[in-house]
Amino acid sequence: IKGSGYSFSIQSNSVWTIHSDINDRIWLGYYDQGVDKYDPYHFKFSFLQNDGTNDVNPFPSSVSSIAKDTLGRLWFSCIDKGVYVYNPENKSYTHLNDPNNEIATGLNNLDTPSLFIDSNQNVWVASWYNGIYLLKNGSKRFINISTKTFPKTLISNRIVSFSEDSKGIIWIGTFLGGLLSYDLKTNALKHFNGEAFQNAGLHNGNIRKVVVDKDDNVWLGTRRGIYRYNQKNNSVSAFNDEIKAAS
């Protein structure tokens, strides 16, 4: 629970995202309060902020997701501020929406509900208005995937969540656009609007969270409850009655 000015307490009770790194440190992204880092070995929280000599835009207050790449950098998606990259070695911040930044250009949307780094170190950024921004590993420029580039497949530019299966397929949850998958090997974007999804009302649903399990089942968190898509038999199952019974 929040304790004002106390290093053994979180910065805010409004926690939007949590990330655990390989050193067992916990990174917390808050609404309107930035980012905390928790060190379990010293039982202390460290509040991250820009130092006074840094020319980068002030670090955002509302952080929607956190991911770490193999270089040790932390990537933060933010509401109304775009995407920042934090290098813990020199404690520097890079604002990727700045066209003059040295990491990658082409990110021109500030409202970013989430981001995801896949097993091949490609970075996927969800935007609320302009679809998906994809930064392929080794590239210096984001690719925009939107209703303009995939008008027959993508019916909503409001992207919310990402996950990855064992074959490297990226699964994408959208707001009022249902479930999508993207195959990087073929650059094929697929919209799941078949009978199973239509019967469940998910073909144009609000899918706020996507998680793929070890058996490649795709779990969907929606405002109507939890669903599971079984890729092997192309079926959709609802688990809302089970959740009600257990509560």
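The preceding data block contains the structure.
Definitions and limits used
- Residues numbered from 1 in each chain as written.
- Predicted model: local features only at pLDDT ≥ 70, side-chain atom pairs only at ≥ 80, totals over all residues.
- Heavy atoms only, no water.
- Pairing = 2+ DSSP bridges.
- Helix = DSSP H or I, 4+ residues; strand = E, 2+ residues; numbered from the N terminus.
- Axes fitted to C-alpha atoms, helices over the stretch in contact; angles between N-to-C directions.
- Buried < 20%, exposed > 50% of the residue type's maximum accessible area, 1.4 Å probe, protein only.
- Core = buried A, V, L, I, M, F, W, Y, C linked by side-chain atoms within 4.5 Å.
- 1 Å grid on protein atoms, 1.4 Å probe; cavity = no way out; pocket = protein on both sides within 12 Å on 5 of 7 lines; lining within 4 Å.
- Points joined across faces, edges and corners; volume = space filled by probe spheres on them.
- Nonpolar A, V, L, I, M, F, W, Y, C, P; charged D, E, K, R; others polar.

### Some details on the sheet that holds strand 15 (residues 179-183)
Taken in spatial order, the 4 strands make up an open sheet running 13-14-15-16, and their pairing is antiparallel. The strands lining the two open edges of the sheet, one partner per strand, are strand 13 (159-164) and strand 16 (188-191). On average, each strand axis in the sheet is inclined to that of its neighbour by 25 degrees, with strand direction left out of account. Judged from the 4 bridges that link them, strand 15 and strand 16 form a sheet pairing that is antiparallel.

### Things to note about unusual backbone geometry
You will see that K91, though not glycine, has its phi angle at about 55 degrees, which is positive. On the accessibility criterion, K91 (56% relative accessible area) is exposed. Located in the positive-phi region is Q121, a residue other than glycine, with phi close to 70 degrees. Secondary-structure assignment places Q121 in the loop between strand 9 (114-117) and strand 10 (123-126).

### Looking at the nonpolar core
Counting 15 residues, the largest nonpolar core has W75, V83, L96, L107, V125 and F142 as its most contacted members. When residues of this core are traced back to their parent elements, those giving at least two are strand 7 (82-87), strand 9, strand 10 and strand 11 (132-135).

### So, the layout of surface pockets
Considered as a void within the structure, the largest pocket measures approximately 680 Å³ in volume. When residues of the lining of the largest pocket are traced back to their parent elements, those giving at least two are strand 1 (15-20), strand 5 (63-68), strand 9, strand 13 and strand 17 (207-212). Within the lining of the largest pocket, the residues separate by chemical class into 12 nonpolar, 7 polar and 5 charged.

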